[in-house]
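# Reading the structure
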Amino acid sequence: MTKIHLLMKKEEIIEEKMAVGNKIAVVLDVLLATTTIVSALKDGAKEVIPVLHSREAMGVANEFSQGEYILAGELDARPIDGFVYPSPTLISENIKGKTLILSTTNGTVALRKSASANRVYIGSLLNNPAVAKSLQDYTDDSTILIICSGNSGETSLEDFYGAGHLIECLLNIGKYELTDAAKTALYFYRGQDDSYEVLLDSYVGRLLDKHDQHPDLKLAATKGITSIVPILREGKVTVEPTLSLQNQRCPAK
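On a predicted model such as this, the values are computed, not experimentally measured, just so you know.

Rules and cut-offs
Numbering of residues starts from 1 in every chain and runs along the sequence as written. Given that this is a predicted model, residues contribute local features only at a pLDDT of at least 70 and side-chain atom pairs are listed and counted only at 80 or more, while totals for whole chains, interfaces and linings are drawn from all residues. For side-chain calculations, the full set of non-hydrogen atoms in the structure is used, while hydrogens and water are omitted. Only protein chains enter the accessibility calculation, which uses a 1.4 Å probe. A residue is then buried if its area is under 20% of the maximum for its type, exposed if over 50%, and partly exposed in between. Per the convention used, a helix needs a DSSP run of H or I reaching at least four residues, while a strand needs a run of E reaching at least two, with both numbered from the N terminus. An arc is given here, and it is the one of the directions from the helix axis to the C-beta atoms. Note on contacts: a residue pair is in contact if any heavy atoms of the two residues lie within 4.5 Å. Within this document, salt bridges are pairs made up of a side-chain nitrogen of Lys or Arg and a carboxyl oxygen of Asp or Glu, the two lying within 4 Å of each other.

Within helix α8 (residues 180-190), the full set of buried residues consists of Ala182, Ala185, Leu186 and Tyr189. Angularly, the buried residues of α8 cover 100 degrees about the axis, an arc narrow enough to put them on a single face. Residues of α8 that are exposed and point more than 90 degrees away from the buried face comprise Asp180 and Tyr187. If you follow the buried residues of α8, they end up packed against β1 (3-7), α7 (157-171) and β9 (177-178).

This is the structure in structure tokens:
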């Protein structure tokens, strides 16, 4: 039976172990990196390039012509000079047909640290049902490793909730062996009634609330609005061919 394990923050990723065995990674940074990636691709982005820091982002941007990309990023939740803030609702206005070069404190770092896994998916509340559908065909020797990006070395409430949502989606379409960490996220998710309130009550959610970024909060709390399945390959995130979500059950608490 395929195993599901959970890492609580990006600092728990051991890159050497990630490359051993048949590990399938799903990275979550609900507020906001993976939600931004999923939203951008849903809105027509050509691709997303996650980078480790702003210097790398500027180097990548030099490989493109003006108008071909959007350079977005934050550092410790603060804007970076010359970068668009990585707000999914803001980026959606101008992303169609362009490459999103994205630098964030947690989510893009988690993605890069997970790159040695056999496959790396990008998850969010927006597309967890679709990701679960894509994961159901892996063989019994696989380990699905759900990675919460966390917040600068701390556990992130919204990522933990998002992990529970993904596990619920997986269990609604198949049988899996859950580690205790995965069970904890599942039980937490099942005990909540309102995704928006959970996200709003998180540390990052309160920061977004303080700065009147309610559209981003509302978007990030929305479940199952897209069937796209983003995959990280060779440093770039693109969309897996669309999968039908017919007959998939994932309760929208």
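Applying the stated criterion across every chain, the model contains 7 salt bridges. Across the salt bridge formed by Glu56 and Arg112, the nearest N and O atoms sit 2.6 Å from each other. Of this pair, Glu56 sits in helix α3 (residues 54-61) while Arg112 sits in helix α5 (residues 107-113); the two residues are 56 residues apart in sequence, bridging distant segments of the chain. Judged by relative accessible area, which is 23%, Glu56 ranks as partly exposed. Overall, the relative accessible area of 28% leaves Arg112 in the partly exposed class. With a shortest N-O distance of 3.2 Å, Glu240 and Arg119 are connected by a salt bridge. On the criterion of sequence distance, the pair formed by Glu240 in strand β11 (residues 236-240) and Arg119 in strand β7 (residues 119-123) is long-range, its members being 121 residues apart. Within the structure, one salt-bridge network assembled from shared partners comprises Arg119, Arg233 and Glu240.

So, about unusual backbone geometry. In this chain, Leu31 is followed by Leu32 through a cis amide linkage whose omega measures 10 degrees. Structurally, the position occupied by Leu32 is in the loop between β2 (22-28) and α2 (33-42). Positive phi is not limited to glycine here, since Ala77 has a value of about 70 degrees. Within the secondary structure layout, Ala77 lies in the loop between β4 (69-75) and β5 (78-79). By relative accessible area, which is 38% here, Ala77 ends up partly exposed. In this structure, Asp212 takes a positive phi of about 60 degrees despite not being glycine. Within the secondary structure, Asp212 sits in the loop between α10 (203-210) and α11 (214-220).

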